[in-house]
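This is what each chain is made of:
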Amino acid sequence: MSGTYSYSPRDGHGLRHDPFYSIVGPRPIGWISSMDEGGRSNLAPYSFFNAFCDEPHIIGFCSNGWKDTVANVAKTRQFVWNLATRSIAPAMNATSASVPHEVDEFVLAGLTKLTSCRVKPYRVQESPVTFECACTQLVQLQDAHGVPVEAWMVFGEVIEVHIDKSLITDGVYHTAQAHPVLRGGGNGEYAEIHAEAIFSMQAPD
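Residues numbered from 1 in each chain as written. Predicted model: local features only at pLDDT ≥ 70, side-chain atom pairs only at ≥ 80, totals over all residues. Heavy atoms only, no water.

J.: How should I be thinking about the overall build of the chain in this particular structure?
T.: Of the regular secondary structure elements, the chain holds 4 helices and 14 strands. Taken over C-alpha atoms, the radius of gyration comes to 18 Å for the chain, in line with the 17 Å a tight globule of 205 residues would show. Dimensions of the chain along its principal axes, counting C-alpha atoms only, are 55 × 45 × 35 Å. Within the chain, the proportion of its 205 residues that are buried is 37%. (Helix = DSSP H or I, 4+ residues; strand = E, 2+ residues; numbered from the N terminus. Rg over C-alpha atoms; globule rule 2.2 N^0.38 Å. Buried < 20%, exposed > 50% of the residue type's maximum accessible area, 1.4 Å probe, protein only.)

Listed below in structure tokens is the structure:
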């Protein structure tokens, strides 16, 4: 017999895994590289990430807790987004490890640092698409009662874009050709975008 499962998040979901992460998903991955004032690199994935504005291009990610990435961006106002793809998904996952500030996640995951053009943080050379970004806003989130929570939203304007030319045909970037991976729910679930998953619909006039 079907029905509706309802609950109030503040009282708990009552299930084995919180369905929120599975329902709002798959979600693009904010694989963010940053650098502290001393020149030490940091690389970490964030599953709460997306694009928020087209003119100018603004992307953003949310950090649960004041982590190294947020601390670095708060000081330098710069970061890089790197596209996570199926072939480098294990390396991306490796950079999610909780390690001391002095540990370089590029080295930890066996990734290559690529010098950026307009910001100091490095790009991931193995990633086929990267955005160099200048921080526009850093906002501490709050609940419905106006009480601050331990989560910070970082927004950045994309000031330089780098795309592997193999992903562009006749002037069109092909999303599926890069085989991007997205964060699902449950215990370590991910999804991959492939050509068979793409369909088109024209917006109404």
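J.: When you look at the nonpolar core in this model, what are you seeing that I'm missing?
T.: A general trend in soluble globular proteins is that nonpolar side chains are found buried together. In terms of nonpolar packing, the biggest core is built from 20 residues, with Ile-59, Phe-61, Phe-79, Trp-81, Phe-131 and Val-154 touching the most fellow members. Broken down by secondary-structure element, the contributors of at least two residues to this core are strand S3 (41-46), strand S5 (58-64), helix H2 (68-76), strand S6 (78-82), strand S9 (129-142) and strand S10 (148-163). It is S9 that provides the largest number of residues to this core, a total of 4 residues. Discounting residues that sit within four places of it in the chain, Phe-131 has contacts with Ile-59, Phe-79, Val-80, Trp-81, Val-158, Glu-160 and Val-161. Of all hydrophobic cores here, the second largest spans 13 residues; its members include Ala-84, Ala-89, Phe-106 and Val-181. (Core = buried A, V, L, I, M, F, W, Y, C linked by side-chain atoms within 4.5 Å. Contact = heavy atoms within 4.5 Å.)

J.: Mind showing me how you'd approach the pattern of salt bridges here?
T.: Two side chains that carry opposite charge are able to pair once their charged atoms sit near each other. Enumeration according to the criterion identifies 5 salt bridges in this entry. Put simply, Arg-10 and Asp-143 hold a salt bridge, and the shortest N to O gap is 3.0 Å. Taken as a pair, Arg-10 in the segment before helix H1 (20-23) and Asp-143 in the loop between S9 and S10 lie far apart in primary sequence, 133 residues in all. On the accessibility criterion, Asp-143 (21% relative accessible area) is partly exposed. The closest approach of N and O atoms between Arg-123 and Glu-132, which form a salt bridge, is 3.9 Å. With relative accessibility at 9%, the residue Arg-123 sits in the buried group. (Salt bridge = Lys/Arg side-chain N within 4 Å of Asp/Glu carboxyl O.)

J.: I would appreciate a short explanation of the sheet that holds S10 in the present structure.
T.: Two orientations exist for strands paired in a sheet by backbone hydrogen bonds: parallel and antiparallel. Strand order across the open sheet formed by 7 strands is S3-S2-S6-S9-S10-S5-S4, with antiparallel pairing between neighbours. Edge positions in the open sheet fall to S3 and strand S4 (49-53), since each of these has one partner strand only. When strand polarity is set aside, the average angle formed by the axes of neighbouring strands in this sheet is 35 degrees. Taken together, the 4 bridges between S4 and S5 define a ladder with antiparallel strand orientation. Bridging across to S5, Ala-51 finds its partner in Ile-59. Across the sheet, H2 touches strand S2 (30-35), S3, S5, S6, S9 and S10, and the angle it forms with S2 is around 55 degrees. (Pairing = 2+ DSSP bridges. Axes fitted to C-alpha atoms, helices over the stretch in contact; angles between N-to-C directions.)

J.: Hey, could you run me through the sheet that holds strand S14 (residues 190-192) in this one?
T.: Pairing is antiparallel in the open sheet, where 3 strands are placed in the order S1-S13-S14. Of all the strands in the sheet, just strand S1 (27-28) and S14 have a single pairing partner and so form its edges. Direction of pairing for strand S13 (residues 181-183) relative to S14: antiparallel, over a ladder of 3 bridges. The residue of S14 that forms the bridge with Arg-183 is Tyr-190.

J.: Help me understand the packing of aromatic side chains in this model?
T.: The geometry of two aromatic rings is summed up by the distance between their centres and the angle between their planes. Counting across every chain of the model gives 10 aromatic pairs. Consider the rings of Tyr-5 and Tyr-7, whose centres lie 6.0 Å apart with planes at 50 degrees: the pair is tilted. Judged by its relative accessible area of 31%, Tyr-7 is partly exposed. Arranged with centres 5.7 Å apart and planes meeting at 80 degrees, the rings of Phe-20 and Tyr-21 form a pair that is edge-to-face. (Phe/Tyr/Trp six-rings, centres within 6.5 Å; stacked < 30°, edge-to-face > 60°.)

J.: Just to check I follow, could you spell out the side chain of Ser-34 for this structure?
T.: Note on placement: Ser-34 falls in strand S2. Separated by 3.0 Å, the side chains of Ser-34 and Asn-72 make a polar contact. (Polar contact = N/O pair within 3.5 Å; in protein donor to acceptor, adjacent residues only side chain to side chain.)

J.: In this structure, what is going on with the environment of Gly-14? I would like to understand it.
T.: Inspection of the secondary structure puts Gly-14 in the segment before H1. Distance in space between the C-alpha atoms of Gly-14 and Lys-165 is 48 Å, their sequence separation being 151 residues.

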